[in-house]
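Given next are the chains, with one letter for each unit.
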Amino acid sequence: MSSRDFDCIVIGAGIQGSFTAYHLAKNGKKALLLEQFFLPHSRGSSHGQTRIIRKAYEQDFYTHMMEECFQLWAQLESEAGVKLYRRTGLLLMGPEKGREFQLFKSTMERNRLPTVTLGPADFSQHIPNVNRNPGDGAFVDTTAGVLYADRALRAAQEVFRSLGGVIMDGEKVVDIKPGPLVSVTTASGVYRAKSLVITAGPWANTLLSHTHLHLPLQVVKINVCYWRERTPGAYSAGNRFPCFIHVEAEGAGHHIYGLPSNEYPGLMKVCYHMGSETDPDDRDRQMDRGDIDILSRYITRHFPGLVPVPAVLESCMYTVTPDHHFVLDRHPSHSNIIIGAGFSGHGFKFGPIVGKVLCELALGQVPSYDLSPFKIQRFSSHSKSAL
Ligand SMILES: Cc1cc2nc3c(=O)[nH]c(=O)nc-3n(C[C@H](O)[C@H](O)[C@H](O)COP(=O)(O)OP(=O)(O)OC[C@H]3O[C@@H](n4cnc5c(N)ncnc54)[C@H](O)[C@@H]3O)c2cc1C
Ligand SMILES: O=C(O)[C@@H]1CCCC=N1
């Protein structure tokens, strides 16, 4: 095999591509991970200090993946010798009789997951400085917590490299030629491989256009807001304040979620789970702040211990599918091209399992999980294939 020939090429060194490369190397494969920007970078979806990890989901299929996911995160922690997870618990709130709250609650019950239900009487004792809506239900997913995202991405890449994997950063893929050996062109030349995995985040459709496939993906800019505690530590991980998700919060339209103050002392991250459409190459031209207004009103009402003006504003992007479920599938016309896309703002925690199943698909193996919720076929009325 020449130095430009690989068993598998992975395009995109975000969390999904990095974990795919990691699993390929663990399987003894010669793998190349190509990234358009110099690493680390803050232009995609996987950068930033923290992400939520939780088993609480509306659908069983996500909850089922999380069991092994927690184990794989722990494995990466020990391989890289770095702390990646902090247990905080996750408070789930929403109208008690509402559809979404009931879906979360029933998944927890069906799967017998460790849960603490908080009635109106014990809520303020366990969750101080939060005004609960009358009529809201609340429970805590006790194994949930925070993942240290930037560290985790670096750790997956370092382990991949330590296993002999090759990362070429600052190398944008400009063309893909499908075939039994797939050719991938960058400014530095052409690489070839038996299979190709495309994990290009917000640029998924740009890359897929070289294969005449278009998926119904919406790219949105997320304003990542941190809010100052009036009393430092009032909502801190150190004081056992949990992550939270508020579903069907009044006037919000989408979930509002938060993480305890931790990475920036005195600042709590509270965000809106949607943003405004953007061109990923021109993200910072999207200046819509409607979400920040919603958050300010929400914080005034529910988090009286936070100053309702963002103290720190960062940017990130979601790549959203119509049903908010991922795409984990083979290309409909080229079975050795594998696609991981559309993580819809909740994919980070699944990185180790997404990487595992994309690796399995790339190696022609039967995937460890039922991937039917993630098939491209479900978009048959949306996706355009010119083939
Ligand atoms: C603000 C925010 C909060 C979030 N919170 C959570 C959370 O709490 N919990 C959770 O589980 N998930 C969360 N997510 C979602 C999660 O972070 C994403 O689902 C995940 O990071 C997506 O990773 P990715 O690898 O698909 O994409 P990316 O990280 O964008 O990686 C794609 C990579 O491909 C590269 N690329 C693209 N085109 C090319 C090309 N032509 N050549 C070479 N390289 C290319 C890009 O530069 C990029 O590095 C959040 C996301 C955001 C934005
Ligand atoms: O995936 C997660 O846990 C977070 C919080 C809820 C909304 C999206 N991301």
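Residues numbered from 1 in each chain as written. Chains lettered and ligands numbered in written order. Predicted model: local features only at pLDDT ≥ 70, side-chain atom pairs only at ≥ 80, totals over all residues. Heavy atoms only, no water.

### Section: unusual backbone geometry
So, step 1. The omega angle of the peptide bond from L39 to P40 is -5 degrees, so this bond is cis rather than trans.
So, step 2. Along the chain, the position of P40 falls in the loop between β2 (31–34) and β3 (50–53).
So, step 3. Despite not being glycine, N129 shows a phi value in the positive range, around 65 degrees.
So, step 4. Looking at where N129 falls in the secondary structure, it is placed in the loop between α4 (120–126) and β7 (136–141).
So, step 5. With a phi angle near 65 degrees, H324 is a residue other than glycine that sits in the positive phi range.
So, step 6. Of note, H324 is situated in the loop between β19 (306–320) and β20 (327–330). (Helix = DSSP H or I, 4+ residues; strand = E, 2+ residues; numbered from the N terminus.)

### Details of the pairing of strand β10 (residues 173–177)
For a regular strand, side-chain orientation follows a simple rule: the groups alternate between the two sheet faces.
So, step 1. Relative to strand β11 (residues 182–186), β10 runs antiparallel, the two sharing four bridges. Note on β11: the bridge partner recorded for D175 is T185.
So, step 2. Where β10 folds back on β11, the antiparallel hairpin that results is connected by four residues, among which G179 adopts a positive phi of roughly 160 degrees. (Pairing = 2+ DSSP bridges.)

### Examining the domain arrangement of the chain
When the parts come together, some accessible area is lost, and that loss is often what is quoted as the size of the interface.
So, step 1. What the domain assignment lists for the chain is domain 1 (5–46 + 150–215 + 322–382) and domain 2 (90–142 + 218–320).
So, step 2. The straight-line distance from the C-alpha centre of domain 1 to that of domain 2 is 30 Å.
So, step 3. Contacts between the two partners involve 13 residues from domain 1, matched on the other side by 11 residues from domain 2.
So, step 4. When the area that domain 1 buries against domain 2 is broken down by residue, the three leading residues are R43, P202 and W203, summing to 39%. (Domains from an automatic or database assignment. Contact = heavy atoms within 4.5 Å. Buried area = accessible area lost by both parts, 1.4 Å probe.)

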